[in-house]
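# Report on the structure
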Amino acid sequence: MTASKLSSAPLILVLHGPNLNLLGKREPEIYGHDSLADIDARLQRLIKETSKASLLSFQSNSEGALIDCIHAAPQKGVGFIVINPGGLTHSSVALRDALTGVALPFIEVHLSNIHAREPFRHRSLLADQAVGVIAGLGARGYEFALMWALEYLQRRS
Ligand code: CA2
(Lines give C-alpha, C1' and ligand atoms only; values in the text may rest on other atoms or scores of the structure.)
Protein backbone atom coordinates (compact mmCIF):
# COMPACT_ATOMS: atom_id res chain seq x y z
CA MET A 1 0.00 0.00 0.00
CA THR A 2 1.34 3.47 -0.89
CA ALA A 3 1.74 6.33 1.60
CA SER A 4 -0.88 8.42 -0.22
CA LYS A 5 -3.43 5.62 0.08
CA LEU A 6 -2.73 5.32 3.79
CA SER A 7 -3.18 9.04 4.47
CA SER A 8 -6.21 9.89 2.31
CA ALA A 9 -9.77 8.94 3.21
CA PRO A 10 -11.87 7.78 0.25
CA LEU A 11 -13.91 10.43 -1.53
CA ILE A 12 -17.15 9.60 -3.33
CA LEU A 13 -18.85 11.95 -5.79
CA VAL A 14 -22.64 11.89 -6.13
CA LEU A 15 -23.84 13.52 -9.35
CA HIS A 16 -27.43 14.47 -10.06
CA GLY A 17 -28.38 15.34 -13.62
CA PRO A 18 -30.90 17.68 -15.23
CA ASN A 19 -34.24 18.40 -13.54
CA LEU A 20 -33.45 16.43 -10.40
CA ASN A 21 -33.53 19.77 -8.55
CA LEU A 22 -37.33 19.50 -9.02
CA LEU A 23 -37.55 16.39 -6.84
CA GLY A 24 -40.18 16.54 -4.14
CA LYS A 25 -42.00 19.38 -5.90
CA ARG A 26 -43.67 17.57 -8.83
CA GLU A 27 -44.47 14.03 -10.01
CA PRO A 28 -44.11 12.39 -6.55
CA GLU A 29 -45.95 9.32 -7.89
CA ILE A 30 -42.93 8.64 -10.12
CA TYR A 31 -40.00 10.12 -8.20
CA GLY A 32 -41.14 10.08 -4.55
CA HIS A 33 -41.57 12.84 -1.98
CA ASP A 34 -37.94 13.44 -1.01
CA SER A 35 -36.22 16.60 -2.21
CA LEU A 36 -32.67 16.45 -3.50
CA ALA A 37 -31.53 18.14 -0.28
CA ASP A 38 -33.24 15.34 1.71
CA ILE A 39 -31.43 12.69 -0.33
CA ASP A 40 -28.03 14.39 -0.04
CA ALA A 41 -28.48 14.90 3.72
CA ARG A 42 -29.32 11.20 4.19
CA LEU A 43 -26.25 10.17 2.18
CA GLN A 44 -24.03 12.48 4.24
CA ARG A 45 -25.41 10.99 7.45
CA LEU A 46 -24.98 7.44 6.19
CA ILE A 47 -21.36 7.94 5.13
CA LYS A 48 -20.48 9.61 8.46
CA GLU A 49 -22.11 6.81 10.47
CA THR A 50 -20.54 3.95 8.54
CA SER A 51 -17.11 5.06 7.32
CA LYS A 52 -14.21 7.49 7.33
CA ALA A 53 -14.96 8.41 3.72
CA SER A 54 -16.40 11.72 2.53
CA LEU A 55 -19.04 12.64 0.04
CA LEU A 56 -19.19 15.43 -2.52
CA SER A 57 -22.50 16.10 -4.17
CA PHE A 58 -23.30 18.15 -7.27
CA GLN A 59 -26.45 18.77 -9.33
CA SER A 60 -26.63 20.60 -12.62
CA ASN A 61 -29.10 21.09 -15.41
CA SER A 62 -26.17 21.63 -17.74
CA GLU A 63 -24.47 18.72 -19.49
CA GLY A 64 -21.23 20.73 -19.73
CA ALA A 65 -21.14 21.47 -16.00
CA LEU A 66 -21.62 17.77 -15.21
CA ILE A 67 -18.81 16.86 -17.61
CA ASP A 68 -16.50 19.51 -16.10
CA CYS A 69 -17.24 18.10 -12.65
CA ILE A 70 -16.38 14.57 -13.85
CA HIS A 71 -13.12 15.83 -15.44
CA ALA A 72 -12.12 17.52 -12.17
CA ALA A 73 -12.91 14.45 -10.06
CA PRO A 74 -9.55 12.58 -10.26
CA GLN A 75 -7.53 15.66 -9.16
CA LYS A 76 -9.88 16.09 -6.20
CA GLY A 77 -9.13 12.55 -5.11
CA VAL A 78 -12.52 11.09 -6.01
CA GLY A 79 -12.34 7.29 -6.11
CA PHE A 80 -15.91 6.44 -7.09
CA ILE A 81 -18.90 8.18 -8.71
CA VAL A 82 -22.60 7.56 -8.03
CA ILE A 83 -24.58 9.20 -10.81
CA ASN A 84 -28.20 9.73 -11.68
CA PRO A 85 -27.75 11.20 -15.16
CA GLY A 86 -31.47 12.05 -15.48
CA GLY A 87 -32.63 12.37 -19.07
CA LEU A 88 -29.00 12.48 -20.29
CA THR A 89 -28.92 8.74 -19.58
CA HIS A 90 -30.75 8.14 -22.82
CA SER A 91 -29.00 10.62 -25.08
CA SER A 92 -25.55 11.74 -23.97
CA VAL A 93 -22.54 10.28 -25.72
CA ALA A 94 -20.56 13.18 -24.20
CA LEU A 95 -21.40 12.17 -20.63
CA ARG A 96 -20.48 8.56 -21.41
CA ASP A 97 -17.17 9.73 -22.92
CA ALA A 98 -16.42 11.85 -19.82
CA LEU A 99 -17.01 8.91 -17.49
CA THR A 100 -14.95 6.49 -19.55
CA GLY A 101 -12.33 9.24 -20.05
CA VAL A 102 -11.58 9.63 -16.34
CA ALA A 103 -11.82 5.85 -15.88
CA LEU A 104 -13.39 6.14 -12.42
CA PRO A 105 -15.71 3.32 -11.36
CA PHE A 106 -19.34 4.43 -11.22
CA ILE A 107 -22.83 3.20 -10.38
CA GLU A 108 -25.79 4.50 -12.39
CA VAL A 109 -28.85 5.17 -10.22
CA HIS A 110 -32.44 5.86 -11.26
CA LEU A 111 -35.26 6.61 -8.88
CA SER A 112 -37.82 5.09 -11.23
CA ASN A 113 -37.66 1.76 -13.02
CA ILE A 114 -36.69 3.07 -16.45
CA HIS A 115 -37.45 -0.35 -17.97
CA ALA A 116 -41.09 -0.16 -16.91
CA ARG A 117 -41.56 3.27 -18.52
CA GLU A 118 -41.60 4.65 -22.08
CA PRO A 119 -39.44 2.71 -24.56
CA PHE A 120 -37.06 5.69 -25.03
CA ARG A 121 -36.08 5.38 -21.35
CA HIS A 122 -35.12 1.70 -21.67
CA ARG A 123 -31.78 2.47 -23.31
CA SER A 124 -28.86 3.87 -21.30
CA LEU A 125 -25.72 5.08 -23.04
CA LEU A 126 -23.78 4.69 -19.78
CA ALA A 127 -24.93 1.38 -18.34
CA ASP A 128 -22.46 -0.93 -20.08
CA GLN A 129 -19.59 1.16 -18.67
CA ALA A 130 -20.97 1.14 -15.12
CA VAL A 131 -19.93 -1.16 -12.29
CA GLY A 132 -23.66 -1.57 -11.72
CA VAL A 133 -27.09 -0.04 -12.29
CA ILE A 134 -29.88 0.48 -9.74
CA ALA A 135 -33.34 1.47 -10.98
CA GLY A 136 -36.78 1.66 -9.41
CA LEU A 137 -35.85 1.64 -5.72
CA GLY A 138 -36.51 5.35 -5.22
CA ALA A 139 -34.16 7.39 -3.08
CA ARG A 140 -33.02 4.20 -1.31
CA GLY A 141 -31.20 3.32 -4.53
CA TYR A 142 -28.63 6.03 -3.81
CA GLU A 143 -28.03 4.60 -0.34
CA PHE A 144 -27.45 1.08 -1.71
CA ALA A 145 -25.09 2.51 -4.33
CA LEU A 146 -23.16 4.41 -1.67
CA MET A 147 -22.78 1.34 0.55
CA TRP A 148 -21.56 -0.66 -2.42
CA ALA A 149 -19.10 2.10 -3.40
CA LEU A 150 -17.65 2.03 0.13
CA GLU A 151 -17.22 -1.74 -0.01
CA TYR A 152 -15.63 -1.47 -3.45
CA LEU A 153 -13.11 1.15 -2.28
CA GLN A 154 -12.34 -0.82 0.88
CA ARG A 155 -11.63 -3.96 -1.14
CA ARG A 156 -9.20 -2.01 -3.33
CA SER A 157 -7.35 -0.13 -0.55
O1 CA2 B 1 -35.76 7.68 -12.64
C2 CA2 B 1 -34.81 8.48 -12.69
O3 CA2 B 1 -34.09 8.73 -11.71
C4 CA2 B 1 -34.53 9.25 -13.99
O5 CA2 B 1 -33.13 9.34 -14.15
C6 CA2 B 1 -35.13 10.62 -13.81
C7 CA2 B 1 -35.08 11.49 -15.07
C8 CA2 B 1 -35.62 10.73 -16.27
O9 CA2 B 1 -35.44 11.50 -17.45
C10 CA2 B 1 -34.94 9.38 -16.45
O11 CA2 B 1 -35.52 8.71 -17.55
C12 CA2 B 1 -35.10 8.54 -15.20
C13 CA2 B 1 -35.90 12.75 -14.89
C14 CA2 B 1 -35.53 13.60 -13.73
C15 CA2 B 1 -36.58 14.64 -13.60
O16 CA2 B 1 -37.00 14.68 -12.27
C17 CA2 B 1 -38.16 15.33 -12.00
C18 CA2 B 1 -38.54 15.33 -10.68
C19 CA2 B 1 -39.70 15.95 -10.32
C20 CA2 B 1 -40.48 16.59 -11.27
C21 CA2 B 1 -40.09 16.60 -12.59
C22 CA2 B 1 -38.91 15.97 -12.93
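First, a word on scope: everything that follows refers to the structure included in this document. Once a new chain begins, its residue numbering starts again from 1 and follows that chain's sequence as written. Where totals are concerned, whole chains, interfaces and linings use all residues; where local detail is concerned, this predicted model gives features only for residues with pLDDT of at least 70, and gives and counts side-chain atom pairs only at 80 or more. Excluded from the side-chain calculations are hydrogens and water; all other atoms, namely the structure's heavy atoms, are used.

### Describing the nonpolar core
Residues belong to one nonpolar core when they are buried, are Ala, Val, Leu, Ile, Met, Phe, Trp, Tyr or Cys, and are joined through side-chain atoms within 4.5 Å. Working definition: with a 1.4 Å probe on protein chains only, accessible area under 20% of the residue-type maximum means buried, over 50% means exposed, and in between means partly exposed. Grouped together as the largest cluster of nonpolar side chains are 25 residues, with contacts concentrated most on Ile-12, Phe-80, Val-82 and Tyr-142. Looking at this core element by element, the count peaks at seven residues for helix α6 (residues 140-156). The residues contacting Phe-80, other than those within four sequence positions of it, are Leu-11, Ile-12, Leu-13, Pro-105, Phe-106, Ile-107, Val-131, Ala-149, Tyr-152 and Leu-153. Counting 20 residues, the second largest nonpolar core, distinct from the first, contains Leu-13, Ile-67, Cys-69 and Ala-130. Counting from the N terminus, the helices are DSSP H or I runs at least four residues long and the strands are E runs at least two residues long. The contact criterion used throughout is that any non-hydrogen atoms of two residues lie within 4.5 Å.

### Some thoughts on the packing of helix α3 (residues 36-50) against α6
Every axis in this analysis is a line fitted to C-alpha atoms, fitted for helices over the stretch in contact. Angles between the N-to-C directions lie between 0 and 180 degrees. Close contact between α3 and α6 brings their axes to 10 Å; oriented N to C, the two are set at 30 degrees. Compared by their axis directions, α3 and α6 come out roughly parallel. Taken as a pair, α3 and α6 cross one another with a handedness that is right-handed. Residue-level inspection shows Ile-39, Arg-42, Leu-43, Leu-46, Ile-47 and Thr-50 of α3 in contact with α6, the latter providing Tyr-142, Glu-143, Leu-146, Met-147 and Leu-150. Within the contact of α3 with α6, the residues separate by chemical class into eight nonpolar, one polar and two charged. Small angles under 35 degrees read as roughly parallel and large ones over 145 as roughly antiparallel, with 65 to 115 read as roughly perpendicular and the rest as oblique. Note on convention: near helix rotated counterclockwise from far helix by under a right angle means a left-handed crossing. Clockwise means right-handed. Put simply, Ala, Val, Leu, Ile, Met, Phe, Trp, Tyr, Cys and Pro go in the nonpolar bin, Asp, Glu, Lys and Arg in the charged bin, and everything else, Gly too, in the polar bin.

### Concerning the layout of surface pockets
Within this model, the second largest pocket holds a volume of roughly 370 Å³. Lining the second largest pocket are 18 residues, with Pro-18, Asn-19, Leu-20, Tyr-31 and Arg-121 positioned closest to its centre. Of the residues in the lining of the second largest pocket, the class split is seven nonpolar, seven polar and four charged. A pocket here means an open set of points on a 1 Å grid, computed over the protein atoms alone, that has protein on both sides within 12 Å along at least five of seven lines. A cavity is instead a set of points where a 1.4 Å probe fits but cannot get out; residues with an atom within 4 Å of a point line either one. Grid points are joined across faces, edges and corners, and a volume is the space filled by probe spheres set on the points.

### Observations concerning the packing of aromatic side chains
Any pair of Phe, Tyr and Trp rings, taking the six-membered ring for Trp, is counted once the centres come within 6.5 Å. Such a pair is stacked with planes under 30 degrees apart, edge-to-face with planes over 60 apart, and tilted for the rest. Tallied over the entire structure, the rule returns two aromatic pairs. Measuring from centroid to centroid gives 5.2 Å for Phe-80 and Tyr-152, while their planes differ by 70 degrees, and the two rings are edge-to-face. Residue Phe-80 is found in strand β3 (residues 78-84), and its partner Tyr-152 is found in helix α6; the two are separated by 72 residues along the sequence. Assigned by exposure class, Phe-80 and Tyr-152 land together as buried. Among the aromatic residues, ring-to-ring pairing joins Phe-80, Trp-148 and Tyr-152 into one connected group. Sitting over the face of the ring of Trp-148, Arg-155 holds its NZ or CZ atom 5.2 Å from the ring centroid. Look at NZ for Lys and CZ for Arg. If either is within 6 Å of the ring centre and within 35 degrees of the ring normal, a charge sits over the ring. The ring of Tyr-152 is capped by Arg-156, whose NZ or CZ atom sits 3.9 Å from the centre of that ring.

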